[in-house]
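For reference, the chains in residue letters:
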Amino acid sequence: SSAVLVHHNRHLHFLSQHTFALGDIDHNGIVNEADSTYLMKFLVHLSLEFSYNSGTDDTSSLMNIAAMNFNLDDKVDLEDAISLNRYIANSENAE
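Presented here is an overview of the structure given in this document.

A closer look at the nonpolar core
Now for step 1: In this structure, F20, I25, L39, F42, M63, A67, M68, F70, A81, L84 and I88 together form the largest nonpolar core, which totals eleven residues.
Now for step 2: Where this core is concerned, the elements lending two or more residues are helix 1 (33–45), helix 2 (57–68) and helix 3 (78–94).

Some points on the environment of V31
Now for step 1: Of note, V31 is situated in the loop between strand 2 (13–19) and helix 1.
Now for step 2: Along the chain, V31 and N85 lie 54 residues apart, while their C-alpha atoms are 9.8 Å from each other.
Now for step 3: In this structure V31 touches L22, G23, D24, L84, Y87 and I88, once residues within four positions along its chain are discounted.

What to know about unusual backbone geometry
Now for step 1: Unusually for a residue other than glycine, L72 sits at a positive phi of about 55°.
Now for step 2: Inspection of the secondary structure assignment puts L72 in the loop between helix 2 and helix 3.

So, helix 1
Now for step 1: The first and last C-alpha atoms of helix 1 sit 18 Å apart over 13 residues, in line with the 18 Å expected at 1.5 Å per residue.
Now for step 2: Three or more residues of helix 1 are buried, namely D35, S36, L39 and F42. Looking straight down helix 1, one finds that the buried residues subtend no more than 125° of arc, so they occupy a single side. Helix 1 presents V44 and H45 as exposed residues on the side facing more than 90 degrees away from its buried surface.
Now for step 3: Of the residues that open helix 1, the one with a side-chain oxygen 3.1 Å from the backbone nitrogen of A34 is N32.

Conventions adopted
Residues numbered from 1 in each chain as written. Predicted model: local features only at pLDDT ≥ 70, side-chain atom pairs only at ≥ 80, totals over all residues. Heavy atoms only, no water. Core = buried A, V, L, I, M, F, W, Y, C linked by side-chain atoms within 4.5 Å. Buried < 20%, exposed > 50% of the residue type's maximum accessible area, 1.4 Å probe, protein only. Helix = DSSP H or I, 4+ residues; strand = E, 2+ residues; numbered from the N terminus. Contact = heavy atoms within 4.5 Å. Expected span 1.5 Å × (residues − 1). Arc of directions from axis to C-beta. Polar contact = N/O pair within 3.5 Å; in protein donor to acceptor, adjacent residues only side chain to side chain.

Have a look at this one:
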């Protein structure tokens, strides 16, 4: 998936596009139990101490939340965690 972010200050306005994989919350290219753990920590604490290597903290936060919205219903909740865990279990069984 990808997201387009609008950046602006007093003099400049520009867009940037960021690509991410749904469920890949730690942005390492693999959707696995670590991503599920990040999502559960977010749901319990409503915060996440993680940032991508590329981008600002604001961008990282937005990409994390976008990657967490696994079922694409525009909200991050327990349904995303259930869907993500099902995906991970099915992926592991397919190997």
